[in-house]
Amino acid sequence: MTYLITGATGEVGSRVVRQLLERNIRPRVLVRSEEKARSLFGDRVDVCVGDLAAPDSMRGAIQGADTVFLVNVGPAIPERDKAAAMISKELGVRKIIKLSSLDVEHRLAIGAWHEKGEAAIRSTGIPFTFVRPTGFMSNLLAWAYSIRTESIVRSSTADGRRPFIHSEDIASVCLSAILNHEYSREALPITGPESLTFGEVTAIISEAIGRPLSYQLISDEEARERYSRISGSQEETEAHVALWRAIRDGRLAATTDRVERILARKPIALRQWASENVRSFLN
């Protein structure tokens, strides 16, 4: 079997590659930088240089692949998923595993992008699994600068809760879907073990780094202005403001037991993630 891993140098993709290597499986990776891939994996992977934003550059990587692990982000998800799915169909791929989002089930803007991508994959008839995680714990690293410089976390989510999930759990579930047929034509909604307010998350990080932190509630307008400084587009900014509003309204607080059922263990708690990332929050 030939497994093609896209997004192989990213947060989840790199973990999927590592877990394959731990099982003595040599994957093929589609990356924009061969140098970065080699720095992570050495000569243990087959490297194809290309970009999901440029469909023609994917052909060589997809040719001969049995399974494609597909990672796309941002407003262009529908078009990029569709292009990858159509090429996969043309070249005889047997299975596509898409890293999607639990926000699909809540009809949020980010989820809508993934929903269209899922629909494009379904339309090809290729067997699929859609892995739908909730918010990544790793996204909390966006707070690192304000924690280091001001000891403050700012958010518009108020007392809304989110069951953040560790990237290792996401990768492990993706690997199960890649290697097994048990989850064919399924969507897998996965979350962390507990649903926490952003204030509670702040307290957990504070405990891990041994320094007091304060949580500051901000308006949607301030959240929009702050995110727009790093956003790739107004569409992306508005999608995140809508996400934070949905958290504040209590729409995204539910947990699922799919991680435990698939991996036969409890999902990793936020306290462990915080202890793993202490250095990111310290000067």
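Everything that follows concerns the structure shown earlier in this document.
Note that this is a predicted model, so its numbers are computed, not measured.

The rules behind the values
Residues numbered from 1 in each chain as written. Predicted model: local features only at pLDDT ≥ 70, side-chain atom pairs only at ≥ 80, totals over all residues. Heavy atoms only, no water. Pairing = 2+ DSSP bridges. Helix = DSSP H or I, 4+ residues; strand = E, 2+ residues; numbered from the N terminus. Right-handed = clockwise from strand over helix to strand, strands pointing away. Axes fitted to C-alpha atoms, helices over the stretch in contact; angles between N-to-C directions. Buried < 20%, exposed > 50% of the residue type's maximum accessible area, 1.4 Å probe, protein only. Contact = heavy atoms within 4.5 Å. 1 Å grid on protein atoms, 1.4 Å probe; cavity = no way out; pocket = protein on both sides within 12 Å on 5 of 7 lines; lining within 4 Å. Points joined across faces, edges and corners; volume = space filled by probe spheres on them. Nonpolar A, V, L, I, M, F, W, Y, C, P; charged D, E, K, R; others polar. Phe/Tyr/Trp six-rings, centres within 6.5 Å; stacked < 30°, edge-to-face > 60°.

Draft legend 1. Structural detail: the pairing of strand β3 (residues 46-49). Pairing of strand β2 (residues 28-31) with β3 involves four bridges; the strand directions are parallel. For Leu30, the partnering residue across the bridge sits in β3 and is Cys48. A crossover connection joins β2 to the parallel β3 through helix α2 (residues 34-41); in handedness this β-α-β unit is right-handed.

Draft legend 2. The sheet that holds strand β4 (residues 67-70), seen in detail. Strand order in the open sheet formed by seven strands is β3-β2-β1-β4-β5-β6-β9, with parallel pairing between adjacent strands. Looking along the sheet, the strands with just one partner apiece sit at the ends: β3 and β9 (186-190). Taken over all neighbouring pairs, the strand axes of this sheet differ in orientation by 15° on average, direction set aside. Pairing of strand β6 (residues 128-133) with β9 involves five bridges; the strand directions are parallel. Paired with Thr129 across the two strands is Glu186, which belongs to β9.

Draft legend 3. Looking closely at the environment of Thr2. Mapped onto the fold, Thr2 is located in the segment before β1 (3-6). Under the relative-accessibility criterion, Thr2 is labelled partly exposed at 24%. For the pair Thr2 and Ile170, spaced 168 residues apart in sequence, the C-alpha to C-alpha distance is 21 Å. With residues up to four places along the chain from it excluded, the contact list for Thr2 reads Arg28, Gly64, Ala65, Asp66 and Thr67.

Draft legend 4. Highlighting empty space enclosed by the protein. Counted according to the given criterion, the structure contains one cavity of 30 Å³ or more. In this structure, the largest cavity encloses a volume near 30 Å³. Taken together, Met137, Phe164, Pro193, Glu194, Leu196, Ala269 and Leu270 make up the lining of the largest cavity. For the lining of the largest cavity, the residue count by class is six nonpolar, no polar and one charged.

Draft legend 5. Local environment of the packing of aromatic side chains. Counted by the stated rule, this structure contains five aromatic pairs. Taken together, a centroid distance of 5.5 Å and an interplanar angle of 55° make the contact between Phe164 and Phe198 tilted. One end of the pair, Phe164, is in the loop between β8 (161-162) and α7 (167-179); the other, Phe198, is in helix α8 (residues 198-209), and 34 residues separate them in sequence. Ring centres 5.7 Å apart and planes at 80° place the aromatic pair Tyr227 and Trp244 in the edge-to-face group. Remark: Trp244 occurs in helix α10 (residues 234-248) and Tyr227 occurs in helix α9 (residues 220-228); sequence separation between them is 17 residues. Classification of Trp244 by relative accessible area gives buried; the value is 19%.

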